[in-house]
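# Breakdown of the fold
Residues per chain, in single letters:
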Amino acid sequence: MNNPVVIIGAGLSGLRAASLLTEQGIKCRVLEARDRIGGRVLTTSAPNRPELGNFDLGPTWFWPQYERTIADLVKELNLRTFDQYAEGAMLSERYQNKPPERYVLPENSNARSVRFMGGVQSLIDAVANILPLGIVELEKRVTAIQLDESGAITLEADLASGKKEKIPASAVILALSPRIVANHIKFSPSLPTSLMTGLVNKPTWMAGQAKAVAIYDRPFWREQGLSGFVSSWVGPLQEIHDASPNTGSGALFGFLGIPARTRQELGEDKILNLVINQLVRLFGPSAKNVSSILYKDWATDSETAVDEDFNPLRDFPVYGEPQKEGVWEKKIIFAGTETNSQYGGHLEGALLSAEQAVSEITNLRNTFS
């Protein structure tokens, strides 16, 4: 196994797999189609007011009391965290023409969730910073993986320059969502039909969702005794939370309840007007004084979503490792949050999948050594 292990995808699972392989002295390369690391982790600031803080348009929380892998990694990397703000009453908006109802939830009714100071990107950056320089290669889109009769693996990638690169590998870790693998990469010989069907039928976490963050100079709703938590049957946001940084400014974020295709028809400007109107309806006229509003529709992100992801999820997806067989069985390894059966959809699932992938690589090396 003189060729490196090639990891496709520089999201949390891909970067963590690279760090674990590097710790063991195993050569690896991480190829990423985007021009940034992080995958579905996306932390950004208000373009006009960066001093107001960083805000997550992808995953936001973890639960240290249940998720030991991420809790241990956060401690190991000396990352700073703070508890999600949950003091005060929640609002429930059930009817179009009636004011929201106010409820004080029983103490400890919601599991304690934790956020990163500086956003989840601080976790991504900390993992990337322990990798040797040059391991992560951006704007390299893998389009094909070929296995020849001798068992040698060659990847083909499109570069930002328009050129193509052929890349040899001893094994490949597919740190991508299953549907992106099935839709974006051509395998030669083809993957078994049962495996391809399994990949296509595994919904990409977050791919059909959109998220809006309204940023304010201060979290004014707290002065009204409100936690910022809202459940709405009216919309457009169906679930809202306090997204304020640990000091200073305020922010509210929400998940859009409007289906992906309808969002595209409405357009971003109309959606954001509806969002502000809803926040004013819920929190009063102060909600009009928005400093900035951030929006990310993951369904329009071609590195995240495929056509199948436009269909709204009816139930929580069943996640777990795809079943491999045939000539590819010991050549490709799946990673990513969708491949973890217990914590699929969570950052914890992404980390556990990276550990599992590296364990498979280690076992393969031991077999052939």
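A short tour of the structure in this document, coming up. (Residues numbered from 1 in each chain as written. Predicted model: local features only at pLDDT ≥ 70, side-chain atom pairs only at ≥ 80, totals over all residues. Heavy atoms only, no water.)

Soluble globular proteins tend to bury their nonpolar side chains together. One finds Ile7, Leu21, Phe116, Leu123 and Ile173 to be the most contacted residues of the largest nonpolar core, which totals 43 residues. Taken together, the elements giving at least two residues each to this core come down to β1 (5-8), α1 (12-23), β2 (28-31), α2 (68-76), β8 (114-116), α3 (121-129), β13 (171-174) and α8 (347-368). If near-sequence neighbours (up to four positions away) are discounted, Leu21 is found in contact with Val5, Ile7, Ile26, Cys28, Ile173, Val358 and Ile361. Counting 26 residues, the second largest nonpolar core, distinct from the first, contains Val142, Leu176, Leu191 and Leu199. (Core = buried A, V, L, I, M, F, W, Y, C linked by side-chain atoms within 4.5 Å. Buried < 20%, exposed > 50% of the residue type's maximum accessible area, 1.4 Å probe, protein only. Helix = DSSP H or I, 4+ residues; strand = E, 2+ residues; numbered from the N terminus. Contact = heavy atoms within 4.5 Å.)

In this structure the tally under the stated criterion is 11 aromatic pairs. Geometrically, the ring pair formed by Phe62 and Phe116 is tilted, given 5.3 Å between the ring centres and 40° between the ring planes. Of this pair, Phe62 sits in the loop between β4 (49-56) and α2 while Phe116 sits in strand β8, and the two are 54 residues apart along the sequence. The class of Phe116 is buried, set by a relative accessible area of 3%. Chaining the aromatic ring pairs together yields one cluster made of Trp61, Trp63, Phe253 and Phe255. Taking the ring centre of Tyr95 as reference, the NZ or CZ of Lys98 above it sits at 4.9 Å. Residue placement shows Arg222 over the ring face of Tyr85; its charged tip is 3.7 Å from the ring centre. (Phe/Tyr/Trp six-rings, centres within 6.5 Å; stacked < 30°, edge-to-face > 60°. Lys NZ or Arg CZ within 6 Å of the ring centre and 35° of its normal.)

Attention now goes to the pattern of salt bridges. For the coordinates displayed, the defined rule picks out 21 salt bridges. Of the charged contacts in the structure, one is a salt bridge between Arg49 and Asp217, with a shortest N-O distance of 3.2 Å. You can see Arg49 sitting in strand β4 and its partner Asp217 sitting in the loop between β15 (210-216) and β16 (226-232), a full 168 residues away along the chain. Residue classification places Arg49 among the partly exposed positions, given a relative accessible area of 26%. The partner of Lys296 in a salt bridge is Asp301, with the nearest N and O atoms 3.1 Å apart. By relative accessible area, which is 19% here, Lys296 ends up buried. What emerges from the salt-bridge pattern is a single network uniting Arg29, Glu137, Lys140 and Glu165. (Salt bridge = Lys/Arg side-chain N within 4 Å of Asp/Glu carboxyl O.)

Strand order in this open sheet of five strands is β9-β2-β1-β13-β20, and the pairing throughout is parallel. The open sheet terminates on both sides in strands that have one partner only, identified here as β9 (136-137) and β20 (332-334). Where β1 lies against β2, four bridges are found, and the strand directions are parallel. Counted as the bridge partner of Ile8 is Leu31 from β2. (Pairing = 2+ DSSP bridges.)

The next point concerns α2. Since the α-helix advances by 3.6 residues per turn, residues separated by three or four positions end up pointing in the same direction. By the burial criterion, the buried members of α2 are Thr69, Ile70, Ala71, Leu73 and Val74. Looking one or two places after α2, you find Asn78, whose phi comes out positive at around 55°.

Let's shift gears to the pairing of β4. Pairing geometry for strand β3 (residues 43-46) and β4, over four bridges, is antiparallel. Its bridge partner being in β4, Thr43 is matched across the sheet by Asp56. The antiparallel hairpin formed by β3 and β4 contains two residues in its connecting segment.

Time to look at the packing of α1 against α3. In the contact formed by α1 and α3, the axes pass within 9 Å of each other and the chain directions differ by 25°. As the angle between them shows, α1 and α3 are arranged roughly parallel. For the crossing formed where α1 meets α3, the hand is left-handed. Here Leu12, Leu15, Arg16 and Ser19 of α1 lie close against α3, whose contacting residues are Leu123, Ile124, Val127 and Ala128. Split by residue class, the contact of α1 with α3 holds six nonpolar, one polar and one charged. (Axes fitted to C-alpha atoms, helices over the stretch in contact; angles between N-to-C directions. Parallel < 35°, antiparallel > 145°, perpendicular 65-115°, else oblique. Left-handed = near helix turned anticlockwise from the far one by under 90°. Nonpolar A, V, L, I, M, F, W, Y, C, P; charged D, E, K, R; others polar.)

Now for the pairing of β13. For a regular strand, the rule is simple: side chains alternate between the two faces of the sheet. Judged by which residues are buried, β13 turns out to be covered on both faces: Ala171 and Ile173 on one side and Val172 and Leu174 on the other are all buried. Bridge count for β1 against β13 is four bridges, and the pairing is parallel. Bridging from a neighbouring strand, Ile7 pairs with Ile173 of β13.

With respect to the helices, strands and loops of the structure, Ser170 is situated in the loop between β12 (164-169) and β13. Residue class for Ser170 comes out buried when judged on its relative accessible area of 13%. Among the polar contacts made by the side chain of Ser170, one reaches the main-chain carbonyl oxygen of Asn3 at a distance of 3.1 Å. (Polar contact = N/O pair within 3.5 Å; in protein donor to acceptor, adjacent residues only side chain to side chain.)

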